[in-house]
Amino acid sequence: MLRASAAARAFGLVKGDQLMVGELLALARQVRRDGEIREGEIEVSGSKFGGRRTSFAVRVAPLGSTVGGGGLVLLLAEDQTESRRVEEVRRDFVANISHELKTPVGALALLAETIEEAADDPESVRRFSGRMRQEASRLTYLVQDLITLSRIQAAEPIPDPRPVEVGAVVAEALDRCRMKANARGIELAVTVEGNGLVVLGDEDLLVTALRNLLENAVAYSPEHTRVVVSARRDGPGTAQISVADQGIGIPERELERIFERFYRVDPARSRATGGTGLGLAIVKHAMAAHNGKVTVWSKEGAGSTFTLQLPVQRKPSANGAGPAAGHSQLVREAVQ
Ligand code: ADP
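Computed from a predicted model, the values in this text were never measured in an experiment.

### What to know about the overall build of the chain
Along its length, the chain carries eight helices and twelve strands. For the chain, the C-alpha radius of gyration of 28 Å lies well beyond 20 Å, the compact-globule estimate for 336 residues. Oriented by its inertia axes, the alpha-carbon framework of the chain measures out at about 85 × 65 × 40 Å. Counting only residues that meet the buried cut, the chain has 37% of its 336 residues in that class. Counting contacts in the chain only where the partners sit at least 6 residues apart, residues at least 24 apart contribute 67% of the total. Carbon and sulfur atoms make up 51% of the accessible area of the chain, which amounts to about 19,200 Å² in all. Of the side-chain charges in the chain, 43 are positive and 43 negative, and the distance between the mean point of each set is 6 Å.

### A closer look at the site of the ligand
Taken together, the neighbourhood of the ligand is formed by 20 residues, with Asn 216, Tyr 220, Asp 245, Ser 270 and Gly 277 sitting nearest. In this structure, Asp 245 approaches the ligand through a side-chain N or O atom, which is 2.8 Å from a nitrogen atom. Between Gly 277 and the ligand, the recorded distance is 2.7 Å, taken from a backbone N or O atom to an oxygen atom. Considered on its own, the ligand offers 530 Å² of accessible surface; in the complex 97% of this is hidden by protein.

### Focus on the sheet that holds strand β5 (residues 72-79)
Sheet architecture is open: three strands sit in the order β3-β4-β5, paired in antiparallel fashion. The open sheet is flanked by β3 (38-44) and β5, the only strands paired with a single partner. Shown here is a sheet whose adjacent strand axes are inclined to one another by a mean of 25°, direction ignored. Contacting β3, β4 (54-63) and β5, helix α2 (residues 22-34) crosses the sheet at an angle of about 165° to β3.

### A few points about the packing of aromatic side chains
Centre distance and the angle of the planes are the two values used to describe a pair of aromatic rings. For the coordinates displayed, the defined rule picks out three aromatic pairs. A ring pair is formed by Phe 259 and Phe 306, whose centres lie 6.3 Å apart and whose planes are at 70°; its orientation type is edge-to-face. With Phe 259 in the loop between β10 (238-244) and α7 (267-272) and Phe 306 in strand β12 (residues 303-311), the pair connects residues that are 47 residues apart, well separated along the chain. Each member of the pair, Phe 259 as well as Phe 306, is classed as buried.

### Digging into the packing of helix α3 (residues 81-117) against helix α4 (residues 122-155)
At a closest axis distance of 9 Å, the pairing of α3 and α4 adopts a crossing angle of 160°. When the axes of α3 and α4 are compared, the pair comes out roughly antiparallel. Between α3 and α4 the crossing geometry is left-handed. Note on element contacts: α4 touches α3 through Val 125, Phe 128, Ser 129, Arg 131, Met 132, Glu 135, Ala 136, Arg 138, Leu 139, Leu 142, Leu 146 and Leu 149, opposite Phe 93, Ile 97, Glu 100, Leu 101, Pro 104, Val 105, Ala 107, Leu 108, Leu 111, Ala 112, Thr 114 and Ile 115.

### Thoughts on the packing of helix α5 (residues 166-183) against helix α6 (residues 203-219)
Where α5 meets α6, the closest approach of the two axes is 8 Å, and the angle between their N-to-C directions is 35°. At the point where α5 passes α6, the crossing takes the right-handed sense. Residues Ala 168, Val 169, Val 170, Glu 172, Ala 173, Leu 174, Arg 176, Cys 177, Lys 180 and Ala 181 of α5 touch α6, and the partners they reach there are Glu 203, Leu 206, Val 207, Leu 210, Arg 211, Leu 214, Glu 215 and Val 218. When grouped by side-chain class, the residues that make up the contact of α5 with α6 number twelve nonpolar, no polar and six charged.

### A few points about the environment of Arg 264
Note that Arg 264 resides in the loop between β10 and α7. For Arg 264 and Glu 254, which are ten residues apart along the polypeptide, the C-alpha to C-alpha distance reads 8.9 Å. Every residue in contact with Arg 264, bar those within four places of it in the chain, is listed here: Glu 100, Ser 270, Arg 271, Gly 275, Thr 276 and Gly 277. Among the polar contacts made by the side chain of Arg 264, one reaches the side chain of Glu 100 at a distance of 2.8 Å. Within the local environment of Arg 264, its side chain forms a polar contact with the backbone oxygen of Thr 276, the two atoms lying 3.0 Å apart.

### Considerations on unusual backbone geometry
A positive phi angle is found at His 224, which is not glycine, with a value near 60°. With respect to the secondary-structure elements, His 224 resides in the loop between α6 and β9 (226-233). Positioned with a positive phi, Phe 262 is a non-glycine residue whose angle comes to about 70°. Within the secondary structure layout, Phe 262 lies in the loop between β10 and α7. According to the relative accessible area criterion, Phe 262 is buried, its value standing at 9%.

### Examining the pairing of β10
Across the seven residues that make up β10, a large majority, five, are buried. Relative to β10, β9 runs antiparallel, the two sharing six bridges. Paired with Val 229 across the strands is Val 243, a residue of β10. Connecting the antiparallel pair β9 and β10 is a turn made up of four residues, with Gly 235 showing a positive phi of about 80°. Note: β10 against β12, seven bridges, orientation antiparallel. Pairing of Ser 242 across the sheet is with Thr 307, part of β12.

Calculation rules
Residues numbered from 1 in each chain as written. Predicted model: local features only at pLDDT ≥ 70, side-chain atom pairs only at ≥ 80, totals over all residues. Heavy atoms only, no water. Helix = DSSP H or I, 4+ residues; strand = E, 2+ residues; numbered from the N terminus. Rg over C-alpha atoms; globule rule 2.2 N^0.38 Å. Buried < 20%, exposed > 50% of the residue type's maximum accessible area, 1.4 Å probe, protein only. Contact = heavy atoms within 4.5 Å. Areas by Shrake-Rupley, 256 points an atom, 1.4 Å probe, with all protein chains shown as cover. Lys, Arg positive; Asp, Glu negative; His and termini not counted. Charge placed at Lys NZ, Arg CZ, Asp CG, Glu CD. Near = heavy atom within 4 Å. Polar contact = N/O pair within 3.5 Å; in protein donor to acceptor, adjacent residues only side chain to side chain. Pairing = 2+ DSSP bridges. Axes fitted to C-alpha atoms, helices over the stretch in contact; angles between N-to-C directions. Phe/Tyr/Trp six-rings, centres within 6.5 Å; stacked < 30°, edge-to-face > 60°. Parallel < 35°, antiparallel > 145°, perpendicular 65-115°, else oblique. Left-handed = near helix turned anticlockwise from the far one by under 90°. Nonpolar A, V, L, I, M, F, W, Y, C, P; charged D, E, K, R; others polar.

Structure follows, in structure tokens:
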């Protein structure tokens, strides 16, 4: 006789009056034979189990006296798939961080050694100490990005949201990228429509998110191209900020993965431009914390457009975050 819960049937562990997993059957038999409680972990996969891999923590216990065989056995299986997945992601993340930290730290050690050996040659000392500075700032960016990411993840949603003017976010993010764009002769063009567009959130975090998109647009574009940032209202309840570049683009199969921590389409190029591999993960989490989202359109060789969408603040606050929405303004700026 076999009684099973609806969930046990839904998971495919039981069909009709049969236990479908060999390992479970074996455990149940052992327990029935000697009356000892047993615990274990099993994993099932394949079409019989809905095509997905599922991990269960199982506990098998005799019901009443079963020694000598024949009695009832209670079998509890708890789905552990999600907690396993989270654990796996965390383990991967730690392994990735260790790897990412090792590179600049190793380079610093090597450069220090080289400088020591070249102590009599001021030209080499200058060159190698320049490289040391580069590696040290790479380390600083990485640590800063890690701190930002862990802060957003820990504090989802934003603890103390305030009205933030979208135009101010755009201006601030642009300010911080101007030098990099300048250095590569990339033109930054800006359109802000709806001057009073206000969202509720954390201004620093929104600036960081937009700055990451802008820095990528500059880093993954050839020199003397153009990056266009536009902010506007998208329907009554949404503010939209997009960053469009004429850069190398992203292959379609990679589009899903670029928002993962440390995922890079071309690791060598990302390192060469000082990327940490965390920029888009920060953008994604920053948007989630604001009830917004980030989407991407891209074509290899043609360019990419990243779009942020954020809910607008329902009632603009009395202390006024600028003139009324709908007021249209076009600001254009060329950086050469
Ligand atoms: P990174 O620090 O490497 O730039 P990100 O998380 O910001 O890390 O981006 C992940 C990857 O997505 C980058 O390594 C790059 O391959 C790709 N990518 C991001 N933005 C762009 C863009 N505007 N154009 C082309 N590729 C991009």
